[in-house]
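Structural overview
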Protein chains: 2
Amino acid sequence: MYSSKYLELLITELEKLPSIGLKSAQRLALHLLRVPKEDALRLADAIRAVRERVGFCSTCGNFSETDPCALCGDPRRDPRVLCVVEQPVDVLAFERTGQFGGRYHVLGGALSPLEGTSPEQLRIRELLSRLRGSEIQEVILATNPNVNGEATALYLSKLLTPLGVRVTRIARGVPMGSDLEYSDQVTLARALEGRRDVD
Amino acid sequence: MYSSKYLELLITELEKLPSIGLKSAQRLALHLLRVPKEDALRLADAIRAVRERVGFCSTCGNFSETDPCALCGDPRRDPRVLCVVEQPVDVLAFERTGQFGGRYHVLGGALSPLEGTSPEQLRIRELLSRLRGSEIQEVILATNPNVNGEATALYLSKLLTPLGVRVTRIARGVPMGSDLEYSDQVTLARALEGRRDVD
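All of these numbers come straight from a predicted model, not from anything done at the bench.

Digging into the overall build of chain A
If you tally the helices and strands in chain A, you get seven helices and six strands. Secondary structure elements of chain A occur, N-terminal to C-terminal, as α-α-α-β-β-β-α-β-α-β-α-β-α. Expected size for 199 residues packed as a compact globule is a radius of gyration near 16 Å; at 21 Å, chain A overshoots this value by more than 25%. With respect to the principal axes defined by its C-alpha atoms, chain A has extents near 65 × 45 × 40 Å. Within the span of chain A, comprising 199 residues, buried residues form 42% of the whole. For chain A, the share of sequence-separated contacts (at least 6 apart) that also reach a separation of at least 24 residues comes to 48%. Roughly 11300 Å² of accessible area belongs to chain A as shown, and the carbon and sulfur atoms make up 53% of that amount. Charge centroids of chain A, computed over 26 positive and 26 negative side chains, lie 3 Å from each other.

Observations regarding the pairing of strand S6 (residues 166-169) of chain B
Residue and element names in this part refer to chain B. Bridge analysis of strand S5 (residues 138-141) against S6 gives four bridges, and the strand direction is parallel. For Leu141, the partnering residue across the bridge sits in S6 and is Arg169. After leaving S5, the chain enters helix H6 (residues 147-160) and then returns to the sheet as S6, a path that is right-handed.

Quick word on the packing of helix H3 (residues 37-53) of chain A against helix H2 (residues 22-34) of chain B
Direction vectors running N to C along H3 of chain A and H2 of chain B enclose 50°, while the axes themselves pass 9 Å from each other. Regarding the angle of H3 of chain A to H2 of chain B, the classification is oblique. With respect to the hand of their crossing, H3 of chain A and H2 of chain B are arranged in right-handed fashion. Mapping the contact onto sequence places Ile47, Val50 and Arg51 of chain A in H3 of chain A and Leu32, Leu33 and Arg34 of chain B in H2 of chain B.

Structural notes on a nonpolar patch on the surface
Taken together, the side chains of Val174, Leu180 and Leu188 of chain A present a nonpolar region at the surface, about 220 Å² in accessible area. With respect to the secondary-structure elements, Val174 of chain A resides in the loop between strand S6 (166-169) and helix H7 (185-193).

Observations concerning the interface of chain B and chain A
Every contact between the two is made by 58 residues of chain B and, on the other side, 58 residues of chain A. For the chain B and chain A pair, buried surface summed over both sides reaches about 5700 Å², with 69% attributable to carbon and sulfur atoms. Together, Met1, Tyr6 and Arg51 of chain B form the three largest contributors to the area buried by chain B at its contact with chain A, with a combined 15%. Viewed at the interface, chain A and chain B are joined by four salt bridges. Where chain B meets chain A, there are 28 residue pairs in polar contact (both at pLDDT 80 or more). Sorting the residues of the side of chain B that touches chain A by element identifies helix H1 (5-15), H2, helix H3 (37-53), strand S2 (63-64) and helix H4 (88-97) of chain B as the ones contributing at least two each.

Comments concerning the sheet that holds strand S3 (residues 81-85) of chain A
All names here are of chain A. On the basis of which strands lie adjacent, the open sheet formed by four strands has the order S4-S3-S5-S6 and parallel pairing. This sheet does not close on itself; its edge strands, each paired only once, are strand S4 (103-106) and S6. Neighbour-to-neighbour, the strand axes of the sheet open up by a mean angle of 25°, direction not taken into account. Pairing of S3 with strand S5 (residues 138-141), which is carried by four bridges, proceeds in the parallel orientation. Bridge pairing in S5 links Val81 to Glu138.

Quick notes on the rules
Residues numbered from 1 in each chain as written. Chains lettered and ligands numbered in written order. Predicted model: local features only at pLDDT ≥ 70, side-chain atom pairs only at ≥ 80, totals over all residues. Heavy atoms only, no water. Helix = DSSP H or I, 4+ residues; strand = E, 2+ residues; numbered from the N terminus. Rg over C-alpha atoms; globule rule 2.2 N^0.38 Å. Buried < 20%, exposed > 50% of the residue type's maximum accessible area, 1.4 Å probe, protein only. Contact = heavy atoms within 4.5 Å. Areas by Shrake-Rupley, 256 points an atom, 1.4 Å probe, with all protein chains shown as cover. Lys, Arg positive; Asp, Glu negative; His and termini not counted. Charge placed at Lys NZ, Arg CZ, Asp CG, Glu CD. Pairing = 2+ DSSP bridges. Right-handed = clockwise from strand over helix to strand, strands pointing away. Axes fitted to C-alpha atoms, helices over the stretch in contact; angles between N-to-C directions. Parallel < 35°, antiparallel > 145°, perpendicular 65-115°, else oblique. Left-handed = near helix turned anticlockwise from the far one by under 90°. Patch = residues over 30% accessible without salt bridge, like charges linked within 9 Å, V, L, I, M, F, W, Y side chains within 5 Å. Salt bridge = Lys/Arg side-chain N within 4 Å of Asp/Glu carboxyl O. Buried area = accessible area lost by both parts, 1.4 Å probe. Polar contact = N/O pair within 3.5 Å; in protein donor to acceptor, adjacent residues only side chain to side chain.

Limitation: the analysis is restricted to geometry and does not speak to function.
Written as structure tokens, this is what we have:
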């Protein structure tokens, strides 16, 4: 039982967030009651703002309130390299590395016969028209290293290679910091297959 | 770099929450962009509501928008047993057990000579006036089992025992599901000292 109905309501809403259980939701709710009021309201306003202002970039398909988005419109990003990903979350993952200076294209998913996702449901037509007459010299296929992602990469490579653009796939192998002992056989086979000469 | 300024702003605010790192904040922000708009706005409104409507119960000191709070005002809760805790988060912990049907008193902290917390800064005067002429027969001292919490329990027991009320302290011992091997010596000593006859 809760001393406050509004506190209970907030805990209920926080608990709906992914990987937030009851205890975490309670801790977060009490935190929001303890911090300066402006701080809590800033979070509330930030949630409202993303939902009321953010749409999609018509170039890359990522979330944006401007068109083109801040990434597509940034002249410092290399327009010759395009990284094709499934979802916006993958763009964030590559940006966290700080190692990619090109641009992105968000497909909005991966091909999946089982879930009924066909090429027309992904932003492939947009990818083709983006390539046409552009400066893009390399397309990096960065779909997920699972069945659907691999199928999508294969499909795209067959579609793009005839256009004369360089098509590459991110390396699949043993993840850094892992133990070979616990690597699954498909990953280890890939790591062998993709081996490179030591400089 | 982010495709959207508003997305970036939301991630910044989410990252300020306790135990939410950059990756979690990014995942939560994208989740809030993906769910139905009403769901995201319900969370924003719940945050705003707790900060604009929730105050304190003048009886127990817990968060509440009503006075007395839902707990103090519930006739089904036993008015004869009072559980004294340091913070609202402790009330939530006891309520999660579903094993306590009495009422609470929130001190707002614990005595701490180092941090300069003296009895006047805790809700002890309110506790005394609450006891005076009330139905309360037992006061359970449920302050934290650390230096400050123990000192506070000792201070309160000396203050309350002369009033003729039964004063108890929650049991301290080895936590359920733990390994004795890894228990610290103070906890093990307490577990021995507090041993009880097996029925």
